[in-house]
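Observations on the model geometry
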Amino acid sequence: VSAKTNLYFVRHAEKEAGTDPVLTTNGYKRAGDLMRTLKNKNIKRIYVTQFKRTQMTADSMRLQLGIDTVHYNADENGIDLFNKIAAHGDFNKTILIVGHSNTVPDYIKKAGVTNYPQANILDTEFDNLFKVCYTRRFAVGAWRAHVKKSKYGVASGVSGAMQ
């Protein structure tokens, strides 16, 4: 890692029901909101899982901004994700990782954030945007990961919305 490394993490947007569901109308809107939020952040690559909902969340950015997408296998330990980031030489770049409510917190921890307390993202939360960046601790020469949580798009958890 380096000071040039910025990892943006989001959970997929709102989804329909089913085994491998597509996004809802609100989910498509959120995907557009994500693109508008990150369009000037110099994202070099997008990482999505094997599930349609993560791919569709990234589609606005992929199509409108022409950003390459890499598929990784969703798992809570993040081994496949971080191996693919390394294989593509993306640890010194700004990238977007689209995951799931039960994987994003683990990936943030795996990225080196030691004080990230959250277990899973609530089932009703789709509007969180996490940015992990790195600073050098000169006294020990090690890199330290920090996370900043922000919101994007319409606030989630609106009653009556399909999750």
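Shown above is the structure to which this text applies.
A brief look at the structure comes next. (Residues numbered from 1 in each chain as written. Predicted model: local features only at pLDDT ≥ 70, side-chain atom pairs only at ≥ 80, totals over all residues. Heavy atoms only, no water.)

**Description of the packing of aromatic side chains**
Going through the model one piece at a time under the given rule, you end up with four aromatic pairs. A centroid spacing of 6.4 Å and a plane angle of 10 degrees characterise the contact between Phe82 and Phe91, whose relative ring orientation is stacked. The class of Phe91 is partly exposed, set by a relative accessible area of 23%. Summarising the aromatic geometry, the rings of Phe82 and Tyr107 are spaced 6.5 Å apart at their centres and angled 85 degrees between planes, so their arrangement reads as edge-to-face. On the criterion of sequence distance, the pair formed by Phe82 in helix H3 (residues 79–87) and Tyr107 in helix H4 (residues 104–110) is long-range, its members being 25 residues apart. (Phe/Tyr/Trp six-rings, centres within 6.5 Å; stacked < 30°, edge-to-face > 60°. Buried < 20%, exposed > 50% of the residue type's maximum accessible area, 1.4 Å probe, protein only. Helix = DSSP H or I, 4+ residues; strand = E, 2+ residues; numbered from the N terminus.)

**Description of the packing of helix H1 (residues 25–38) against helix H2 (residues 52–65)**
The interhelical angle for the contact between H1 and H2, taken along N-to-C directions, is 45 degrees, at an axis separation of 8 Å. One way to sum up the angle between H1 and H2 is to call them oblique. Along this stretch, H1 crosses H2, giving a crossing that reads as right-handed. Together, Tyr28, Ala31, Gly32, Leu34, Met35 and Leu38 of H1 and Met56, Thr57, Ser60, Met61, Gln64 and Leu65 of H2 make up the contact between the two elements. When grouped by side-chain class, the residues that make up the contact of H1 with H2 number eight nonpolar, four polar and no charged. (Axes fitted to C-alpha atoms, helices over the stretch in contact; angles between N-to-C directions. Parallel < 35°, antiparallel > 145°, perpendicular 65-115°, else oblique. Left-handed = near helix turned anticlockwise from the far one by under 90°. Contact = heavy atoms within 4.5 Å. Nonpolar A, V, L, I, M, F, W, Y, C, P; charged D, E, K, R; others polar.)

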